[in-house]
Amino acid sequence: MQSVEPKRPDRIAKEIAAVRLYRRRSHWLLRPDVLVLLLLDLLLLCVAVVSALAPHPTAAASESVSESESAAALGSESESVDDKGWMPPWPIEYVAVAAAVAGMVHVLGWLSGHWFIAYRCAVAYRPASSLATATHVLVTPAATYGRAELCPLTCPPMPSAPSRTAAVADNARPAQLHHHHEFLFQKRRFVYDTELGRFRKLSFPTRLLFSEYAAATGYTAAGQVDAALANWGDNRVELPTLNFWEVYREQALAPFFVFQVFCVGLWCLDDYWYYSVFTLCLLLLFEASVAHSRLRNAAALRAMASSPPATVLCYRLGRWTPVVADQLLPGDIVSLSPVRPALPAVSASGNGSNKASAAVGSSSETMVPADVLLLHGSVVVNEAMLTGESTPHLKEPPGRRPTDERLQLSSDDAKRLHVLFAGTRIVQHSPPSRADLSAAHAAYPLPDDGGCVGYVLRTGFYTGQGKLMRTLVYSAERMTANSAEALLFIVFLLQFALLAAAYVLYYAWNDPARGRYKTLINCTLIVTSVVPPELPMELSLAVNNSLLSLQRLAIFCTEPFRIPAAGKVDVCCFDKTGTLTLDRLVLKGIAGLATPSSAAAPDADASSGDGNIGNNGSNGSIGSNGSIGSNGSVGELSDVSTVDEATRWVIAGCHSVVCGNGGALIGDPQEIAALNAINWAVKGDTAMARTGAGAVRIVVRHQFASALQRMSAAVVVEHLNPAQMWAVVKGAPERVQSLLSTVPAGYEATYRQHALLGCRVLALAAKRLPSMRSDQARQLSREELETGVTFAGFLVFASPLKPDSTAVVDLLLQSAHDVVMITGDHALTACHVARQVGIVRRPLLLLTDDGRWTTLEGEQREAFALGRLPALSAEFDLCVTGPSLGLWASSAGQSALGSSVKVFARVKPHDKQWIVSAMNAAGRRTLMCGDGTNDVGALKHAHVGVALLNASVKTSSGGSGGSKAGGKAAADSTADTLKRRRAPPSSATHAPSAAAASTASAAASSTAAAPPAANARPQASRERLEQLRRQLEAAEAEAGSTVPQLGDASLAAPFTSKLSSVGAVVHVLRQGRCTLLTTLQMFKILALNCLISAYSLSVLYLEGVKLGDGQATVAGMLVAMCFLFVSRSLPLEKLSPQRPPTRVFSAYMLVSIAGQFAVHLACLVSVVAAAQSLPYEKQDPEADFVPNLVNSAVFLQACAMQLVTFAVNYQGQPFMQSLPDNRPLLYLLMLGAAGTLALAAEAFPELNASFEIVPFPSDQFRLQLLSLIVADALLCYLLEAAARRFLPS
C-alpha cells in the first residue's frame, strides 16, 4: 500500500493528518466478509440438513411401539441408532441459536461498513500501490476536524490550470487538456502534485509578487475563463439539502441506536412487552427529535451559506462587465462598491464620470463576495465575523511595498492591511481616481460604479466565510467529557457483567429444569445491561442544554465538545485593551512638552514659509528647548489646545480614521479620541480643524505594524503658505525613542510615570521634509520617513475598566483559578491595570529585555535564573515582557511560566500563542479571553477560547440574539456579580482609577477625577447595567437552534460572546463545570445500576426471582425521568473554589461506587433471605410471571435503591443547583419514595395489587423491609458524604 502521509512540515493541510490510497475490489463476491458469511451460511445449512435427515428417536419409537411401551422402545431405538453408526441429531434450539447468530453476524457485517471506515476499507477495498490503480483515498483528519472519509479519486480531463500569467498578461493560449488525480474532502479539492510527490490543496494565486498583482489585467480570453472555472469552480458556499427520512435513517443506523434496539428485542424475548414497547417508543421519539433538530440546524446553515448572490463589476475580456458574485474566479479584477450594477451590459469605455463621490458614505453595508486583494482605493471593513473584533479596519493597497515582495496571507500585516475576506462587510470606501490608476499604470479604466478595485484571491469554501462554514459543519461533534476514559470505564464494568453471565451459564446450562434458550437470552441481557438504552440520550441532552443556556446569555459555541472541557480550566488568560478595559479611550492630555505658560502659540512666523514651528523654530526643533517640562515637572500634562501646532499635525496626520455616515469617525478608538480632543474632522485623506484654522493631507501612510509597534505617514500641511511636507510618527515610546535625532531629558521618566498610573502612552514625533511632489514622497522608504525625527510629545490616554472586570477577576481568584494578563501594551501600564482588577496583589518584579529582575521603579534586583523562580514567585508577582520570552524556552521554563508569571506585556500576537501553548505543554488547562485579531492565535490554541464582539445585543431574523428571559438572566447575573464583589485587600493599592470609576465624567471632562472609595459602586456601572438590561429585554431570539448565525460566531474562538462583558468567561466556566459534573454523575449512577443489574440478573435469576412486565416498565420510566432531570440541572451563579471531579478513574469515584454497591448488595441479599425464610410459591424461570413474596420484596427494594442512587449521588452544590432547587427531580424522587414506602407499608392494598405485589405474611416482615429500605438510604448517604469529605476530587 502506498501511504501518502507527509511529515508535519509538508502536511497537506493542517486539518488533514494523512491520506492513503485504496482501490475497490473487482466484484462483491471477492470481499473477505462476503466469503466468511457464505461459509457460515453453508455451515448452518449443513447443520440444518443433518438435523432434518437424522431420524428423530421419538418419531421412530412412536411408529414401532404402542403408547404404553414408548419409554422402553425409545431406549432400544436409540441403542440401535448408535449401533448403526447414526450420530445423535442436534437439538432444535442449537439450530435456532446458530441461525440467530448467523443473522446477527450478517447484520453486524453490513452495519460495520457504515460504522467503521477502517472495516470498510479492509473488506470492500484493497490497498493501492500507485495512483494509476487507486480508486479511492482514505483521508484521516487531524483531531477535532471531523471524521475520516473515504473519498473517490477522480482523474478528469481538465484544461490546463491557469498559470500565473493567465490573469496577469494578455497572452491567451488555447487550453490544453490534461489529466490529474484529485479528491474532494470537506468541500475542498486536493490534487496530486507530481513534482512534490504528494497531494496538495488546490492552488490559488495567493503568493504572487506585488508587481504581478499590480500588472494584472483579468481574464482576456474566453478560454482562460473556461479553464479557471474548470479548475476552481463556482464561487458558491452551498450545503446539500437533506430530507427527514435520510437523516432519520442515518440516526437509526448509529451504533448506539442499533444496540438499544437489540436490547429491546432481548427484553421482548424475555416476555417484557410493555417495558420493551415503552423503551422503543422513547427511542424512536428521541431520534425523531434529533433528526428534526439536525434538519433545522442544516436549514439555518444553508440559509446563511446560500444568500442571494449580488452582482459586481468584473473586468473581463477587456471591459467592465456585471457578473453574478457566485461566478467570480480567482484572478478576476473586480470593483467593490455599495452600488450594485444591473445585469445588462454597461459601457466598458471607462470614460464616464467618476461616481464614487456619491458612493462614499453610502448607508448600506456590502458583503465582500470573495477573498480580495485591494489594488486601488481604500476600504473600511467590519471583520467581526472572522476575528470577533467589532472595530472596523482600514484596508489600503500594497502600493508602498517592494515590488519584489510576495503576498503572505499568513502574515498578520498582509491580512490586516490589504486583504478583504469574504463574508466581511464594507462599511466605507474611498474609490481611486483616474490619476491614481494612471500613476499605477493600470491596464484597465476606472469602473463605472465608482468602486474600489481588487484582485480575487480565493473563492467558495476556500475563503474566510467558507472556512467558517466548514468549521460549523465539520468540526468535531457529539463529543463529551472524558470520552476515552468513559469508554475504558464501560469496558471495566463489562468485566463484571461477563463474570455474572459466566456464573449463570455455568450453573444453568446443565440444569435440566432450565431451558437453554432462556439461559442464553438472560446471559445476553446481563452483558448488555452495562450500557442502559437512555445513556446516549442523556449525554446529548446535557451538552445541548448547556448550548441553549449559553445562547440565552448571548454566547455562541461552534465546538460543543469544548463545554465540558471548560469545567477543567485552571488558568484564565485575559487580553487587556477591549477585554478588561473599555475600547473607548479618553485623551487626558499631552505630556513631555513645555508647560502652557512657556509654550508659545504659533504666530506669523509659523506661516512665513520657513517651516520652523514653535518659539525655537530657528533650529528646527519642536517645543521650547528640546527638554521635557520647564520647571522639572516631569509628569505634567498639557491641554491639547495649548501645545505646539506641529504636535496637532502629528495627531491629525498619523492615523487610519475615515469619515463615516453623518460625519461620524470610524477606526481605532484611541485615534478617534485624539482627533476629537484637538477638534479636527476627517474627510477622505485630509484632516481639517473644525475651526477652519488648519488642514493636513496624508500623502503616504504606513499603517501600524505589530512587529514595529509604530505607524508613520508623509503629510502635507496645506494651510501654510507655501504648503509644507512633513513626516509624522506615532508609536510605542521605547520604539520611537530609537528614531529620535535627540532624546529629550526626562523622556523615559515621563512615559514611565504615566504608564505606572495605568495610562496608555504613545510617543509622537515629526520632521520637516524637503519640498517635493506627492509622487516623489511616495517613493520614500519607510526608514527614510521615520529616522531622524524630533520628539513632539506623549499622548496620554485613560483606559477605563469595564464595570465588571474587577468583580469577574475576583470571582475567578476565589474559585481557585489562576488569572493571567497577556497584552501588547507597555509593561508598566499592564501592571497597573492588573493591580486595579486584582490580578496582581503583591509587590511586582519586572523581567527586563536584558534578563534582569527590576522593580517598577527601576531598581535592579538580580539576573534571571530558573532555579530562583520558586523563591521569587513566593514573595513577588512577576511580569515578563515579550523580548525576554526566549529565556523561558526550555521545558522547565515553560512549566514555570504558567505557575509563576502574572502579567505578560509588550507581547506580539505569535508570542501570545506561544505563551498559551507553553501553559498547555506544562499540563495547565487554559482559557483565553480576547477581543481582537491579535488574540486569534491564542484563542485557538487555548483549551477554551472566548472572543468578545464588543457589540450590543441586536436581534436578527436569524435569531442571533438572546431570548428575553436569557437576556434578562445575563443582565441579572452581571448585576449580582457586581453586588457580590468583595472589597480588595488594600484600598490604596486596589482603588480603581478615575476613569474606571466614572467613565461618563471622564469622557466629559477628559481629565482624571479623584478616585472613589474602594467599596463604592460607580454610577456609570449602574447606568451601563440598566442600559444593558433594557437592550437585552428588548431582544428577541429563536431558542430552538443550537447553530450560531453568521455574526454570532466567529473564527476567532470556539466561544463568541456578543456582549463585551468579561462575565462571559464566568458563564462558560459555570456551564462547563455543570456539564462535566452531570456527565460524571451519570457514569457513576450507571456503574451502580450495572453492578446491581449484574447481581439481579444472575444470582437472583438462578433463585427464580424475576420482575413482572409492568414492574419493569415502571422501573424503567423512573430511571429515564431521573436521568432527564439530572441532565437539565442548572449551574450555580457563584464559582466554587472546590474543583469538580475531572476523571472517571479517581479514588473518590471508585471508593464511592464500591461502598454504595456493597451497601446495596447487603440490603438486597438480606431482603431475599428474609423473604425466602417465609413460606412462598417459588417461581419457575421458564413459566410465565407469577408474583410471589420474593419477587415483591426485591421489586420494592430495587425501586428504593434506584431512588437512593440518584438522590445520594446528585452532587449539586457547590457546582450546580442543589437537589431542593432542582424541583422536578426533587418532586420525582419524593413521589417515588412516597410511593415505594406506601407499597412497602401496604397502605393501599389496591395499589399493591395493581403493581402485582402479593400481600405480606406478617407485620414483622413488613417492618423488616421498611427498615432495610431506610438503612440502605442512610448508609449510602453516609458513605458518599465521607468520600466527598476525605477524598476530595
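Residues numbered from 1 in each chain as written. Predicted model: local features only at pLDDT ≥ 70, side-chain atom pairs only at ≥ 80, totals over all residues. Heavy atoms only, no water.

### Overview of the overall build of the protein
Point 1. Of regular secondary structure, the protein possesses 43 helices and 42 strands.
Point 2. A total of 1289 residues make up the protein; the buried ones form 53% of that total.
Point 3. Relative to all contacts within the protein whose residues are 6 or more apart in sequence, the contacts with residues 24 or more apart total 75%.
Point 4. With the model as given, the accessible surface of the protein reaches about 53500 Å², and the carbon-plus-sulfur share is 59%. (Helix = DSSP H or I, 4+ residues; strand = E, 2+ residues; numbered from the N terminus. Buried < 20%, exposed > 50% of the residue type's maximum accessible area, 1.4 Å probe, protein only. Contact = heavy atoms within 4.5 Å. Areas by Shrake-Rupley, 256 points an atom, 1.4 Å probe, with all protein chains shown as cover.)

### Some points on the packing of helix 9 (residues 255–269) against helix 17 (residues 516–528)
Point 1. Contact geometry for helix 9 and helix 17: axes closest at 10 Å, N-to-C directions at 145 degrees. For the pair helix 9 and helix 17, the sense of crossing is left-handed. Residue-level inspection shows Phe259, Phe262, Cys263, Leu266, Trp267 and Leu269 of helix 9 in contact with helix 17, the latter providing Tyr517, Lys518, Ile521, Thr524, Leu525 and Thr528. (Axes fitted to C-alpha atoms, helices over the stretch in contact; angles between N-to-C directions. Left-handed = near helix turned anticlockwise from the far one by under 90°.)

### Digging into the sheet that holds strand 8 (residues 182–185)
Point 1. A sheet is described by the order of its strands in space; here three strands give the open sequence 8-9-10, paired in antiparallel fashion. Pairing within the sheet leaves two strands with one partner each, and these edge strands are strand 8 and strand 10 (198–201). With strand direction ignored, the average angle separating the axes of adjacent strands in the sheet is 35 degrees.
Point 2. Pairing between strand 8 and strand 9 (residues 188–193): four bridges, direction antiparallel. Within strand 9, the position partnered with phenylalanine 183 by the bridge is phenylalanine 190. (Pairing = 2+ DSSP bridges.)

### Observations concerning the packing of helix 40 (residues 1189–1209) against helix 43 (residues 1259–1286)
Point 1. Two numbers describe how helix 40 lies on helix 43: the axes approach to 10 Å, and their chain directions differ by 25 degrees. When the axis of helix 40 is compared with that of helix 43, the two are roughly parallel. The handedness of the crossing between helix 40 and helix 43 is right-handed. Contacts between helix 40 and helix 43 involve Leu1189, Ala1193, Leu1196, Gln1197, Ala1200, Met1201, Val1204, Val1208 and Asn1209 on the former and, on the latter, Phe1261, Leu1265, Leu1268, Ile1269, Asp1272, Ala1273, Cys1276, Tyr1277, Glu1280 and Arg1284. (Parallel < 35°, antiparallel > 145°, perpendicular 65-115°, else oblique.)

### Some thoughts on helix 30 (residues 909–921)
Point 1. When the terminal C-alpha atoms of helix 30 are compared, their 19 Å separation across 13 residues agrees well with the 18 Å that a helix rising 1.5 Å per residue should span.
Point 2. Looking only at helix 30, the buried set comprises Pro909, Asp911, Lys912, Ile915, Val916, Ala918 and Met919.
Point 3. Looking one or two residues past helix 30, glycine 923 carries a phi angle of roughly 90 degrees, positive in sign. (Expected span 1.5 Å × (residues − 1).)

### A closer look at the packing of aromatic side chains
Point 1. A full pass over the atoms with the stated rule returns 24 aromatic pairs.
Point 2. Both rings, one in tryptophan 649 and one in tryptophan 726, keep their centres 5.6 Å apart while their planes meet at 70 degrees; by these two values the pair is edge-to-face. Here tryptophan 649 is found in helix 20 (residues 645–653), whereas its partner tryptophan 726 is found in strand 31 (residues 724–731), with 77 residues between them in sequence.
Point 3. Accessibility expressed as a relative area gives 1% for tryptophan 649, which makes it buried.
Point 4. An aromatic cluster is built from Phe183, Phe190, Tyr192 and Phe199, whose rings are joined through pairwise contacts.
Point 5. In this arrangement the basic side chain of arginine 1285 is found over the ring face of phenylalanine 1286, its NZ or CZ atom lying 5.8 Å from the centre. (Phe/Tyr/Trp six-rings, centres within 6.5 Å; stacked < 30°, edge-to-face > 60°. Lys NZ or Arg CZ within 6 Å of the ring centre and 35° of its normal.)

### Some thoughts on the nonpolar core
Point 1. Counting residues in hydrophobic clusters, the biggest one holds 47 residues, and the most contacted among them are Phe574, Leu812, Ile839, Leu927 and Phe1055.
Point 2. Here the element with the most residues in this core is helix 27 (residues 827–837); it accounts for seven residues.
Point 3. Counting residues in each nonpolar core, the second largest holds 38 residues, with Leu587, Leu593, Ile698 and Ala713 among its members. (Core = buried A, V, L, I, M, F, W, Y, C linked by side-chain atoms within 4.5 Å.)

### Side note on the side chain of serine 815
Point 1. Assignment of secondary structure puts serine 815 in the loop between helix 26 (805–814) and strand 34 (818–822).
Point 2. One polar contact links serine 815 to histidine 817, side chain to side chain, over a distance of 2.8 Å.
Point 3. Here serine 815 is in contact with Arg1073, Leu1135, Ser1136 and Pro1137, once residues within four sequence places are set aside. (Polar contact = N/O pair within 3.5 Å; in protein donor to acceptor, adjacent residues only side chain to side chain.)

### Digging into the pairing of strand 12 (residues 319–324)
Side chains on a regular strand alternate between the two faces of the sheet.
Point 1. Here strand 11 (residues 311–316) runs beside strand 12; their pairing, made up of six bridges, is antiparallel. From the neighbouring strand, tyrosine 315 faces strand 12, where its bridge partner is tryptophan 320.

### Focus on the environment of alanine 674
Point 1. Mapped onto the fold, alanine 674 is located in helix 21 (residues 669–678).
Point 2. Looking at alanine 674, the relative accessible area reads 3%, which means it is buried.
Point 3. Counting along the chain gives 34 residues from alanine 674 to valine 640, while the straight-line C-alpha distance between them is 9.1 Å.
Point 4. Excluding residues within four positions of it along the chain, alanine 674 makes contact with Leu587, Ile651, Leu795 and Phe797.

### Some details on the sheet that holds strand 15 (residues 371–376)
Point 1. Read across the sheet, six strands follow the order 12-11-13-20-15-18 without closing on themselves; strand pairing throughout is antiparallel. Each having just a single partner strand, strand 12 and strand 18 (419–420) make up the two edges of the open sheet.
Point 2. Note: strand 15 against strand 20 (residues 452–458), five bridges, orientation antiparallel. Paired with leucine 374 across the bridge in strand 20 is glycine 454.

### Topic: a nonpolar patch on the surface
Point 1. Nonpolar side chains collect at one region of the surface, where Leu1274, Leu1275, Tyr1277 and Leu1278 lie side by side and expose about 410 Å² of accessible area between them.
Point 2. Note on placement: leucine 1278 falls in helix 43.
Point 3. With a relative accessible area of 47%, leucine 1278 lands in the partly exposed category. (Patch = residues over 30% accessible without salt bridge, like charges linked within 9 Å, V, L, I, M, F, W, Y side chains within 5 Å. Salt bridge = Lys/Arg side-chain N within 4 Å of Asp/Glu carboxyl O.)

### Brief notes about the pattern of salt bridges
Point 1. Under the definition given, this model contains 24 salt bridges.
Point 2. Glutamate 786 is paired through a salt bridge with arginine 782; the nearest N and O atoms lie 2.7 Å apart. Separated by four residues within a single helix, glutamate 786 and arginine 782 lie in helix 25 (residues 782–786), roughly one turn from each other.
Point 3. Classification of glutamate 786 by relative accessible area gives buried; the value is 2%.
Point 4. Accessibility expressed as a relative area gives 19% for arginine 782, which makes it buried.
Point 5. A salt bridge links aspartate 818 to arginine 924; its shortest N-O distance comes to 2.6 Å. A residue pair is termed long-range when its members are at least 10 positions apart, and aspartate 818 in strand 34 and arginine 924 in the loop between helix 30 and strand 40 (926–930) qualify at 106 residues.
Point 6. Aspartate 818 sits in the partly exposed class, given a relative accessible area of 28%.
Point 7. One connected set of salt bridges, linked through shared partners, spans Asp234, Arg236 and Asp326.

### A short note on unusual backbone geometry
Point 1. The omega torsion across glutamine 1213 and proline 1214 is 10 degrees, close enough to zero to call that bond cis.
Point 2. Its location among the elements puts proline 1214 in the loop between helix 40 and helix 41 (1223–1240).
Point 3. Within the chain, alanine 554 stands out as a residue other than glycine whose phi angle is a positive 65 degrees.
Point 4. In this fold, alanine 554 is placed in the loop between helix 18 (535–552) and strand 21 (555–557).
Point 5. Positive phi is not limited to glycine here, since arginine 906 has a value of about 55 degrees.
Point 6. Tracing the backbone through its elements, the reader meets arginine 906 in the loop between strand 39 (901–905) and helix 30.

### With respect to the side chain of aspartate 449
Point 1. Examined against the element boundaries, aspartate 449 turns out to sit in the loop between helix 14 (434–439) and strand 20.
Point 2. Of the polar contacts made by the side chain of aspartate 449, one reaches the backbone nitrogen of glycine 451; its length is 3.2 Å.

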